[in-house]
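Spelled out from the first residue to the last, the chains are:
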Amino acid sequence: MKAMGCLNQHSDINTFALELKNCSNRPSGGALALMVNSEIGAVLAVMRRNVRWGVRYMADDDQLEHSLIQSFKELRRKIFSWQHQWHSINPVVYLQPFLDVIQSDETGAPITGVALSSVYKFLTLEIFDLDTVNVDDALHLIVDAVTSCRFEVTDPASEEVVLMKILQVLLACMKNKASLKLSNQHVCNIVNTCFRVVHQASSKGELLQRIARHTMHELIRCIFLHLPDIDNTEVSVRDADHNSGSKQQNNGNASSEHDDKPYSVGVSLNVSTDTFEGDGNMIEVGQGKEAAQSGDHLMKEPYGVPCMVEIFHFLCSLLNIIEENSGIGPRSNPIAYDEDVPLFALGLINSAIELGGASFAHHPKLLALIQDELFRHLMQFGLSMSPLILSTVCSIVLNLYYHLRTKLKLQLEAFFSCVLLRIAQSKHGASYQQQEVAMETLVDLCRQQTFMAEMYVNFDCDISCNNVFEELANLLSKSAFPVNSPLSTMHILALDGLIAMIQGMAERTFGELPASQNLEDYQPFWTVKCDNYNDPSQWVPFAHKMKFIKRKLMIGADHFNRAPMKGLEFLQGMHLLPDKLDSQSVACFLRYTTGLDKNLVGDFLGNHDEFCIDVLHEFARTFDFSNMNLDTALRVFLETFKLPGESQKIQRVLEAFAERYYEQSPHILANKDAALLLSYSLIMLNTDQHNAQVKKKMTEEDFIRNNRHINGGNDLPREYLCELYHSICMNEIRMTPETGAGFPVMTSSHWIGLKHKSKQSAPFIVCDSRENLDYDMFRILSSPTIAALSVVYDHVEQEDVLQTCIDGFLAVAKIAARYNLDDVLDDLVVSLCKFTTLLLPLSVEESILAFGDDTKARMATVAVFTIANGYGDCIRGGWKNILDCILSLHRLGLVPTRLASDATDELDPAPELEQGRAAAAPPPVSHKPTLITSKRSSSLMGRFSQFLYLDADEPAPQPTEEQLLAHQRSLQAVQNCHIDNIFTESKFLQAESLSQLSRALILAAGRSYKGNNSVENEDIAVFCLELLIAVTLNNRDRIMLLWQGVYEHIANVVQSAVMPCTLVEKAVFGLLRICQRLLPYKENLTDELLKSLQLVLKLDARVADAYCEQITNEVMRLVKANAMQIRSHAGWRTITSLLSITARHPEASEVGFQTLEFIMSDGAHLLPANYVLCVNAARQFAESRVGNIEQSIKSLDLMANSLVCLVRWSCKTKEAIGEEASALAKMYQDIGEMWLRLVQGLRKVCMDQREEVRNHSILMLQRCLTGMDGIHIPNELWLQCFDQVIFTLLDEILQITEDNSPKEYRNMETSLFLCLKLLSKVFLQSMEDLYQSSSFCRLWVGVLGCMDRSMKVKLRGKKSEKIHELVPELLKNTLLVMKTRGILVENDSVGGESFWQLTWLHVKNISPSLQLEVFPEHNKAGCSPLPDGNLVVQSSETTT
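Right, let's walk through the structure included here.

The rules we used
Residues numbered from 1 in each chain as written. Predicted model: local features only at pLDDT ≥ 70, side-chain atom pairs only at ≥ 80, totals over all residues. Heavy atoms only, no water. Helix = DSSP H or I, 4+ residues; strand = E, 2+ residues; numbered from the N terminus. Buried < 20%, exposed > 50% of the residue type's maximum accessible area, 1.4 Å probe, protein only. Contact = heavy atoms within 4.5 Å. Areas by Shrake-Rupley, 256 points an atom, 1.4 Å probe, with all protein chains shown as cover. Core = buried A, V, L, I, M, F, W, Y, C linked by side-chain atoms within 4.5 Å. Phe/Tyr/Trp six-rings, centres within 6.5 Å; stacked < 30°, edge-to-face > 60°. Lys NZ or Arg CZ within 6 Å of the ring centre and 35° of its normal. Axes fitted to C-alpha atoms, helices over the stretch in contact; angles between N-to-C directions. Parallel < 35°, antiparallel > 145°, perpendicular 65-115°, else oblique. Left-handed = near helix turned anticlockwise from the far one by under 90°. Nonpolar A, V, L, I, M, F, W, Y, C, P; charged D, E, K, R; others polar.

### With respect to the overall build of the protein chain
Right, on to step 1. If you tally the helices and strands in the protein chain, you get 65 helices and 4 strands.
Right, on to step 2. Counting across all 1440 residues of the protein chain, residues that qualify as buried make up 55%.
Right, on to step 3. Across the protein chain, contacts joining residues at least 24 apart in sequence account for 77% of those joining residues at least 6 apart.
Right, on to step 4. Of the roughly 61,400 Å² of accessible surface on the protein chain, a fraction of 49% belongs to carbon and sulfur atoms.

Printed below as a string of structure tokens:
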């Protein structure tokens, strides 16, 4: 067992004693003997100073010494013989002489004081300890002697010295290690004696008063420090032996029976009237023989719980003076006398609770004192007008909450509601000091880690309790508002409480979000229980369910208070009452639901309707009146409703009560009629005694006489009736319920009802550090907290308070983000943005200076962006406000110029974009000096100086030191915001948040460019567009969330632009950057992205011309990087359309051609999907005169070389296995169509005025018409080719030759020459396949017609010799081939005689001698090649 002397640091012990006590080596036996001898000498010396103690002469002249002196001398002779035997020596031997002096009434104060000092020295030096023989007897003798100390008072000073030494010795007894041997009786004697000294010290000096009170505190600490070390098992058994089986409840159920009074012991302080005056405040003897016998037995045992019960009860009894001296009513001043006694008692009680702590819960009688008597006094003294008393009471309650809250559920609820909340709300006439004390206590409670969660789960989620958490949250938020007044301590306290609650939630570990609650089927809500209140996995869902039920019940109560039946119908709809109402469910609703109008409840219960009568009886059955006096039961019953005014209703109500009471307590009453009559009598007595209009009050005898013969014809016991009479007289049964929200003022009747209610209350749930209930609590707390923080932040200037508010804002943001409460976070952002001052309509220079000088604005700005960076996931509408702040900072030049580019994650820079743009775009029109038009000034400081002196004619002077400091502070604040992270990290935002951010950017940009066309507005629009593009690029994996809005915004910008400007430039190139970045990763979006590039084609001509070269460069980069990803016709159409435009642009043509060359060279990226598009684009480059002739030649080569792709595709088609016939036919058809488009394109270039291009085109056309090995060309397509390409080409060449001068078309003879050779070669190559065709004759006539016209063409007015030589030669060669192949024969089946005749008819016009050269045998036979008749077919008929 630990020594009780561990608290001696607070006592007034001399230095020597302390040093000696702390020494590790105990004094030797000889040293101890010397110490005792020294004290003997000291006492004898003082006694000898008085003649009275010198010598005494007898009649026979024999000299004798006084017995006291003789005892000291006798002791002196013995002590030196005990040098090595001190532990075996009975301490009584060497203590007794000193104790005799203390107890002697013959000694004066100085002698008694020295004797007391000697005993004090023995105790502090621990001459004897637990191992010493008979140490318990020694201690008992010391206590008995000191508590019965007698001495003569010679002067007030010496009297006070003796009293102080008495206190020292008694305290030393308790602090000595052997104090464990003290009995309960002696400990009580010590406390009683000390209190008597305290009481008498009030008329003594200040020093004695302070020492006496201090000693009393030390004693209480020593005693109750021992409580945790007591064997709980032994004590509980002992308590059970003397408690006749009373059962202790867990939730503050203090028994109201007299048998549970504390142990009592009789103590008599036999002191001289010159020293102590009698006082009634003592530890009194228990009433009754049985109590005295049990007390005597227990009080002789070593001290423990029995004496602590006595002492604690004694301390509580010191508070009873409130009832004797003040006679207070519920609204009168509770403390109308000197606050000294209750304050002293409360301080002692607080010390006991601090040291006893949770151990009180292990001892039922101690716990019962706290639950009932102590808490009842705390409720009363809590309403004291003394802030000091209130502060002490609050300290006690705070300790009780910490140590014993599981045993004090309803008591704590009552104190919080009736005292703290009431005072803090300035009710009950509370002064400002009282409000401050109450608020400090509430804030201290809020700082307890689990306090708010426990208030919520135990009270707000209990259908029979008040919403303590919600009331506290509302109180703190309202109290933090400095409405029409400067900020006070109260406001700061309330703010601290709110922030403590919020930060407590923010620091807790995260759990699961609560599941939504819904009642599908009816379940009696009063029967819902939790299987295990210690297991969070069970009580958390239970709490959620009960809170849901309570909310619905409170709504139902509100309906009931307006119209009872409608309230019941509502609860039926909520499945809280059965579809068919039964009496039990309605009775339980009326019994357990808070917030019901008690007048309506009383009227409903007293109604004569049969259903209401059944409800009344079920209502009465919900009460447990076992072992309860009738008046107590009646108080409990009438606490739940107001007794109706009609006599018949009163009759019905009391009948139900009497029946239930007799059912459970039939001990004295003969029948229920006796209970009914006596109940009536008590109500009449209550009215008589407590109604001011009744002048003549009923006496005790009148009451007894009025109740004769009511107990089945017999009289009730007189003592029983007297007890009832005095109970009613002393404590009124309140018939009028308290109005208003919250708890009523705690009267005796209310307290009795609370104790009864505690028996049925659910256990107190202890919460841990997890966030089991934080979601529900935060939903209640968030809005008032944000409002309160905003108001305080707006009204204060102190930086520490501002930082406190910011911490609160950030904690709210953290919790809101955790629970995805976007509405809360948006409200928070909106509130904070108002304090940044960035949204005020000030000039640039004013804004910069104001922002730099305003600490509040800078702190709010940093907080806004801290929230945006940390919790952007849950921001929705708040992005608009955040973006407005960013734009304001951008307008002030405080945002880094590369914010948008820095915000783009892993974006490869494109330095070539910047090259040449300045020259391409004309400078924008500006009404401001060039000084500020550029946002890319050399430095932000330079821009600041420019802004300050914007309109000055002379050179801008340097800014002042104050301005520079303000600007530096602004820059530092913005740097701390990390604005770029918002956009860089946007890839981590939730989809909805990202969409809202994108919409906010689009909206801000749209507002700017749709407004006036100022430089500033355009700059903001550009800035927003850059950020929008950065966000888009950073979220390539979620592009579909953003794409529609981004595209529409860019389209609006592009289509509305009529002149080159920065905005349209950023829009166009931003779109190209998006495509460049996303095409490699988003194959499914390739077409959509490339389609968007069609916006470029819609640019105004002036705009397109200004940026054509840069656009082409970007397109080239895009194609080179993503050609493999572009597979669709639509995508390639966009690309080739962009490239085709560049063919006619001087600066862009070269880059455009390089891009096309990249696509078409070696067929690297030619596909069936883009073949025709590329051929057409190449043709446009070939026809373009912007580039040099070499570029046109290369374009033609690209076209001709593309034939290789057609051959390759055709071969692959032939090799395809398993394909359907229709699919193969379609593939062949497509290849043929592409070939036809190729040759048609080449044919168009053959008309070019440039000789080199024209001739090269003809050659390439010939190559494409003759180099088709592997390509299957159907006869119909060949015929179409002849008609649309070859014949048309010759016709146009001949036409140009005849109609245009040689200056326009040089050397057309060569071109015609090449065309004729092309015609001959192609015809000969295709003749084998076509001669079987029915149209072959027409084709052949067309060929002959072309040759015929060529023979007739004139160049420079005369026929061409070169052509005249070529055509017969070509024709001859053709005829020979036809002859060889059997096509041209006299009786040929192809055309019969007509084909033969037609051939020679046309050949004769070209070269008459050819027939003889080809068919010489006809000449030998003398045959005529042509028959008679006109069989000539016009050449024009051969073309379609």
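Moving on, there is more to tell.
### Focus: the side chain of His 1165
Right, on to step 1. Here His 1165 shows up in the loop between helix H53 (1149-1160) and helix H54 (1171-1183).
Right, on to step 2. According to the relative accessible area criterion, His 1165 is buried, its value standing at 13%.

### Considerations on the nonpolar core
Right, on to step 1. Counting 463 residues, the largest nonpolar core has Phe 312, Leu 590 and Trp 1235 as its most contacted members.
Right, on to step 2. Every residue in contact with Leu 590, bar those within four places of it in the chain, is listed here: Phe 560, Leu 596, Val 601, Phe 604, Leu 605, Val 615 and Phe 619.

### Observations concerning the packing of aromatic side chains
Right, on to step 1. A full pass over the atoms with the stated rule returns 41 aromatic pairs.
Right, on to step 2. Ring geometry for Tyr 456 against Phe 469: centres 5.6 Å apart, planes inclined by 85 degrees, an arrangement best described as edge-to-face. One end of the pair, Tyr 456, is in helix H19 (residues 451-460); the other, Phe 469, is in helix H20 (residues 468-479), with 13 residues separating them in the sequence. Summarising the burial analysis for this pair, Tyr 456 and Phe 469 share the class buried.
Right, on to step 3. Every member of this aromatic cluster is reached through a ring pair, and the members are Trp 1235, Trp 1278, Phe 1282, Phe 1287, Phe 1323, Phe 1336, Trp 1340 and Phe 1395.
Right, on to step 4. Sitting over the ring of Tyr 1081, Arg 1036 keeps its end group 3.8 Å from the ring centre.
Right, on to step 5. Here Lys 1362 stacks its cationic end above the ring of Phe 1313, 4.6 Å away from the centre of that ring.

### Brief notes about the packing of helix H9 (residues 206-225) against helix H12 (residues 305-317)
Right, on to step 1. One can describe the packing of H9 onto H12 by two numbers: an axis separation of 11 Å at closest approach and a directional angle of 140 degrees. Between H9 and H12, the angle is such that the two are oblique. Here the hand of the crossing between H9 and H12 comes out left-handed. Contacts between H9 and H12 involve Met 216, Ile 220, Ile 223 and Phe 224 on the former and, on the latter, Met 308, Ile 311, Phe 312, Phe 314 and Leu 315.
Right, on to step 2. Here the contact of H9 with H12 is built from residues that sort into 9 nonpolar, no polar and no charged.

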